[in-house]
Number of protein chains: 2
Amino acid sequence: MSGVVEELRAALGEGLVVTDPEVMEGYAHDEAEWAPYEGPVAVVRPRETADVAAVVRICADRGVPVVARGAGTGLSGAANSGRGWVVVSFERMNRVLAVDPVQQSATVQPGVVNDDLRARVSQDGLWYPPDPASSPWSTIGGNVSTNAGGLCCVKYGVTRDYVLGMEVVTGTGRVVRLGKTTAKGVTGYDLAGLMVGSEGTLGLVTEVTLRLVPLRTGIEHTVVGYFDSLTDAGRAVAAVSAAGVVPSALELIDRFCLQAVDEWKNMGLSAEGEVLLLARSDLPGESGRAEAERILECFEKERAVYAVRSTDEEEAEALFAARRLAYPALERLGPLLTEDVCVPKASVPTMLEAIERIGERFRTRIGNIAHAGDGNLHPLFIVPAGDEEAKERAQRAFEEIVDEALAMGGTVTGEHGVGLLKMRGAADELGPDVVAMHRAIKGALDPKGILNPGKVFV
Amino acid sequence: MSGVVEELRAALGEGLVVTDPEVMEGYAHDEAEWAPYEGPVAVVRPRETADVAAVVRICADRGVPVVARGAGTGLSGAANSGRGWVVVSFERMNRVLAVDPVQQSATVQPGVVNDDLRARVSQDGLWYPPDPASSPWSTIGGNVSTNAGGLCCVKYGVTRDYVLGMEVVTGTGRVVRLGKTTAKGVTGYDLAGLMVGSEGTLGLVTEVTLRLVPLRTGIEHTVVGYFDSLTDAGRAVAAVSAAGVVPSALELIDRFCLQAVDEWKNMGLSAEGEVLLLARSDLPGESGRAEAERILECFEKERAVYAVRSTDEEEAEALFAARRLAYPALERLGPLLTEDVCVPKASVPTMLEAIERIGERFRTRIGNIAHAGDGNLHPLFIVPAGDEEAKERAQRAFEEIVDEALAMGGTVTGEHGVGLLKMRGAADELGPDVVAMHRAIKGALDPKGILNPGKVFV
């Protein structure tokens, strides 16, 4: 194994190759605390594409697996290392290379942090919509590899919808350009789109060209609704969709999560009811007010105990900050297991009921946050640290929720990816013929099988 | 060869298998008049997915190529038959299977005509945006296979942006479901997205689930601008994009095309100037008026000889009808060769200048229509019927325009697909490494190489 390290050092120089076990520990896994990992043989921190290509060529020659890593905020174990693997961390490739205001696009290195990109392009009056809750930390490379979603996607779509083209190092260490930089383009297969969401199993993304849209300006309307039950809140979500309204965000947070945020940040959010729905409209002018009014009507019709429309931006920021803080707030309480099922919008109330039922049956405490407008639910399983029996029950509840979602025509992962945590459910969802297609494509693009092997499917 | 026909008849019944040469001639090619084709051995008209799977299995066993066909409105020869191939025409699989107003989606068979789908979903207050100029005739299956664009895509994206999931018959005759039916989903590779735009080389699409959006209501604003030159019009297009405005359509038609429409339909459009730009804003209320005003300012700043903003829906319909009629109007004048390059938006004026220059150099009459807001240009080459020397000059001009577009960082095909006409340019655009990736993927999913072989890449 030391041969790989020496060869990497010879090719890249000492400084780019880390082998200190304590430092490497911080690079060995993502935030999926329940997913297994083992120690890498080296962590490489490339400065440029040629470094990445050199790493992959060396590893391909020796059959050593390679896993790419952004900020490590993933929630499914996709960035976890296996024993003796090489971790490629993109922390030094973090530049915004170009912003083109006429084309409304940006070209970036994979290590750019989502919020940093957002701040940079706003200087040109542009906006990059995909906004995973991890946006202050997660990188565009990681967002691309998982096809990250976020709060805006109910109206603005997910990462794939904004990827025009990319530079990729293939499994044989070739550097290729995929996709396009123009607004449209249909030359050949959509290989850039194929790379998006492939969780590092088909190539290492070394540069991305992203489509941008004009920065939103003007007043946004926020609609807040508290409900007595998950079911009522779920019905309100389905009602909004049935009314033909497409809010720019429609989030759900239950009292358990609100309390965790309150206890941490003292925001006083959990007093009003069991479940909070948080909706926004960013339509301009009178249309925004009218849309917010329709959302409010849907909330009231579905028995909101308290509902209000507001244009107070400070209050709205606080509420959405609370939504983003729900995950870290719950992490403070113990090891978290995160669900990510997505169901048809009409099934949101039924699925929320099923989650409650399953939690009771397996005596597992489940908090709920959700990109409710998409039908993308994030039940969060909290177990007391060290309680193995509780952990096992939570894992059974987790798999049961996956099965319920599939039975409703849903998917096992709306935005976090399969990684290691969702492989059983993914195999059920895809079925053997489609898994065979995955294997065939992986074999075609990564013939040595060194790119993040054993993730997503086997 | 007759063995295949007998086996198809035995499997599907007499009525579904056509072998009459005169009938087959109408199924042997698309509207790319300059692309080669040869006679198929049979045309099959399946009623259901099982029929399609049977055809593919029979053809895979015998190594007979299969080409799928919608309405045959393609412009690159992708649907053309080779000698002894089997053509699968989806004309009988033309049902809208379900419309889900809560999920805002529709599930359809591939033979549904784009405009028919549009009309059907409007009954539920929903809208399917992708609107190729062929929308009165072209089918969703064909739209999916070419990743069709249209007038709306400058704001609303292309076919791929609306495909959630699909049923596909693979190259080995297996029936698989790809993608999802939920709003989001990242389970495994985006194989549905890979199928979109693959021009029938990776599978036969037998069912599609499409994302829909709420039907637009309310007043739309139209901005009309006439210019003295293509360059001025191109500058106005770049100015609109640089102003951060995203119109819901931004089309260009030159006088040559306007005259052809006038001569056919007597619309009186060609009197005002050399080039017409046609823009729309569908933002609600005051925002729409303001956006249209900004577009108007861009037109005036870039020396429009006549420019006006209007909310007269009848007039707007007539103008956009003229845009859609430009292609068939020119077809009346002789065999048409259609370009489809897409360039960065800032390069639109330069590219339009290059097209004029190339037309003069090769003494070829070129008409121009364009989805100008996307940078997607459709120079149309008209040659006198039977003039082989003029045809050869036009073909050289065609390739020269491809090279100019590539030199500007553009793509050889914005929305029509590679088919047979753009294979040389596509090979240059993709480069040998990316073509090798295409070959590897095709080999993985179509191991017998029977799905529309020899198209897109070799």
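As recorded in an unreviewed UniProt entry, chain A goes by FAD-linked oxidase C-terminal domain-containing protein and comes from Nocardiopsis alba. Quoted verbatim from the Cofactor (unreviewed entry) field of the UniProt record, the comment on chain A reads "FAD".

Q: Is there a simple way to think about the interface of chain A and chain B in this case?
A: Interface size is often expressed as the accessible area that is lost when the parts come together. Taken together, the contact pairs 78 residues of chain A with 78 residues of chain B. Remark: the boundary between chain A and chain B carries 8 salt bridges. For the salt bridge of B:K184 with A:E415, the shortest nitrogen-to-oxygen distance reads 2.7 Å. Put simply, chain A and chain B have 28 residue pairs in polar contact (both at pLDDT 80 or more) between them. Tallied by class, residues from the side of chain A that touches chain B come to 36 nonpolar, 29 polar and 13 charged.

Q: I'm lost on the side chain of B:T49 in this one. Help?
A: Mapped onto the elements of the fold, B:T49 is located in helix α3 (residues 49–62). With a relative accessible area of 15%, B:T49 lands in the buried category.

Q: Teacher, can you tell me more about the packing of helix α12 (residues 348–361) of chain A against helix α13 (residues 388–407) of chain A here?
A: Any two packed helices are characterised by how steeply their axes cross, that is the angle between the axes, and by the distance between the axes. All names here are of chain A. Taken N-terminus to C-terminus, the directions of α12 and α13 make an angle of 155 degrees; their axes are 10 Å apart at the nearest point. Here α13 runs roughly antiparallel to α12, going by the angle between their axes. Where α12 crosses over α13, the two elements pack in a sense that is right-handed. Seen from α12, the contacting residues are M351, A354, I355, R357, I358 and R361; seen from α13, they are A397, E400, I401, E404 and A405. Partitioned by chemical class, the residues of the contact of α12 with α13 number 7 nonpolar, no polar and 4 charged.

Q: How should I be thinking about the nonpolar core in this particular structure?
A: Burial of nonpolar side chains together is a common tendency in soluble globular proteins. In this structure, A:M166, A:L178, A:L194, B:M166, B:L178 and B:L194 are the most contacted members of the largest nonpolar core, which totals 87 residues. Beyond its immediate stretch of four places on either side in the chain, B:L194 contacts A:Y189, A:D190, A:L191, A:L194, A:I441, B:L202, B:I441 and B:L445.

Q: Teacher, can you tell me more about the sheet that holds strand β15 (residues 306–310) of chain A here?
A: Sheets are built from strands paired through backbone hydrogen bonds, the pairs being either parallel or antiparallel. All names here are of chain A. Ordered in space as β15-β12-β14-β13-β17-β18-β16, the 7 strands form an open sheet in which the pairing is antiparallel. In this open sheet, the two strands that pair with only one neighbour each are β15 and β16 (336–338). Taken pair by pair, the neighbouring strands of this sheet meet at an average axis angle of 15 degrees, ignoring direction. Inspection of the sheet shows strand β13 (residues 249–254) paired to strand β14 (residues 275–281) by 6 bridges, in the antiparallel sense. Note that in β14 the partner of L250 across the bridge is A279. Strand contacts of helix α10 (residues 285–301): β12 (221–227), β13, β14 and β15, with the helix running at about 5 degrees to β12, the strand carrying the most contacts.

Q: I'm lost on the relation of the copies chain A and chain B in this one. Help?
A: Relating one copy of the chain to the other takes a rotation about an axis and a shift parallel to that axis. Expressed as a screw transformation, the operator carrying chain A onto chain B has a rotation angle of 180 degrees and an axial translation of 0.0 Å, and the superposed copies differ by an RMSD of 0.0 Å. Such values leave the two copies arranged in the relation of a two-fold axis. Nearest to the rotation axis, the C-alpha of A:I441 is located 2.9 Å from it, this being the minimum over chain A. In this assembly the copies share their binding face: 100% of the residues contributing to the interface of chain A also contribute to that of chain B.

Q: I tried to follow the environment of A:E339 on my own but got confused; where do I start?
A: All names here are of chain A. With respect to the helices and strands, E339 occurs in the loop between β16 and α12. Distance from E339 to T413, taken between C-alpha atoms, is 7.8 Å for residues 74 residues apart in sequence. Each residue touching E339, except ones within four places of it in the same chain, is listed here: L377, H378, P379, F381, F398, I401, V402, V412, H416 and K422.

Q: Any chance you could explain the UniProt feature "domain: FAD-binding PCMH-type" (unreviewed entry) in chain A here in plain terms?
A: Using the residue numbers shown here, the UniProt feature "domain: FAD-binding PCMH-type" (unreviewed entry) corresponds to residues 36–215 of chain A. When the span residues 36–215 of chain A is considered, its composition is 22% helix and 24% strand, and the gap between its end C-alpha atoms is 41 Å.

Q: What is the right way to read the pairing of β13(A) from this model?
A: Two faces belong to every sheet, and in a regular strand the side chains alternate between them. Residue and element names in this part refer to chain A. Among the 6 residues in β13, 6 count as buried, and that is most of the element. Taking every second residue as pointing to the same face, both faces of β13 are buried, with A249, E251 and I253 on one and L250, L252 and D254 on the other. Note: β13 against strand β17 (residues 365–371), 2 bridges, orientation antiparallel. If you follow I253 over to β17, its bridge partner there is I369.

Q: Sorry if this is basic, but what is going on with the packing of aromatic side chains here?
A: Note on aromatic pairs: each is described by the distance of the centres and the angle between the planes. For the structure shown, the criterion picks out 12 aromatic pairs over all chains. Pairing A:Y128 with A:Y162 gives two aromatic rings, centres 6.1 Å apart and planes at 80 degrees, and the pair type is edge-to-face. Taken as a pair, A:Y128 in the loop between β7 (126–127) and α5 (140–146) and A:Y162 in the loop between α6 (153–156) and β8 (163–169) lie far apart in primary sequence, 34 residues in all. A:Y162 matches A:Y128 in its accessibility class, with the two residues each being buried. Their ring planes at 80 degrees and their centres at 4.8 Å tell us that B:W127 and B:Y156 sit as a pair that is edge-to-face. With B:W127 in strand β7 (residues 126–127) and B:Y156 in helix α6 (residues 153–156), this pair connects stretches of sequence that are 29 residues apart. Positioned above the aromatic ring of B:W264 is the side chain of B:K265, whose terminal nitrogen or guanidinium carbon lies 4.4 Å from the ring centre.

Q: I'm lost on the pairing of strand β4 (residues 86–89) of chain B in this one. Help?
A: Residues and elements named next belong to chain B. Burial along β4 is two-sided: the residues V86 and V88 and V87 and S89 are all buried. Relative to β4, strand β2 (residues 42–44) runs parallel, the two being bridged by 3 bridges. Directly across from A42, in β4, lies its bridge partner V86. When strand β3 (residues 66–69) meets β4, the two strands line up parallel, connected through 4 bridges. Along β4, the bridge assignment pairs R69 with S89.

Q: What is the right way to read the confidence of the model for chain A from this model?
A: If pLDDT is low for a region, its predicted coordinates should not be looked at in detail. Scored by pLDDT, chain A comes out at a mean of 95, with 100% of its residues at no less than 70. Scored by ipTM, the complex comes to 0.96, with pTM at 0.97.

Q: Any chance you could explain the pattern of salt bridges here in plain terms?
A: Opposite charge on two side chains makes pairing possible when the charged atoms of those side chains draw close. Counting across every chain of the model gives 68 salt bridges over all chains. A:R83 is the partner of A:E38 in a salt bridge, and the nearest nitrogen-oxygen pair spans 2.7 Å. Residue A:E38 is found in the loop between α2 (21–25) and β2 (42–44), and its partner A:R83 is found in the loop between β3 (66–69) and β4 (86–89); the two are separated by 45 residues along the sequence. The exposure class of A:E38 is partly exposed, given its relative accessible area of 37%. The partner of B:R174 in a salt bridge is A:D433, and the shortest N-O contact between them spans 2.8 Å.

Cut-offs and rules
Residues numbered from 1 in each chain as written. Chains lettered and ligands numbered in written order. Predicted model: local features only at pLDDT ≥ 70, side-chain atom pairs only at ≥ 80, totals over all residues. Heavy atoms only, no water. UniProt positions renumbered as here; feature names shortened; annotations may be inferred. Contact = heavy atoms within 4.5 Å. Salt bridge = Lys/Arg side-chain N within 4 Å of Asp/Glu carboxyl O. Polar contact = N/O pair within 3.5 Å; in protein donor to acceptor, adjacent residues only side chain to side chain. Nonpolar A, V, L, I, M, F, W, Y, C, P; charged D, E, K, R; others polar. Helix = DSSP H or I, 4+ residues; strand = E, 2+ residues; numbered from the N terminus. Buried < 20%, exposed > 50% of the residue type's maximum accessible area, 1.4 Å probe, protein only. Axes fitted to C-alpha atoms, helices over the stretch in contact; angles between N-to-C directions. Parallel < 35°, antiparallel > 145°, perpendicular 65-115°, else oblique. Left-handed = near helix turned anticlockwise from the far one by under 90°. Core = buried A, V, L, I, M, F, W, Y, C linked by side-chain atoms within 4.5 Å. Pairing = 2+ DSSP bridges. Least-squares fit on C-alpha atoms with pLDDT ≥ 70 in both. Phe/Tyr/Trp six-rings, centres within 6.5 Å; stacked < 30°, edge-to-face > 60°. Lys NZ or Arg CZ within 6 Å of the ring centre and 35° of its normal. pLDDT = per-residue confidence, 0-100.

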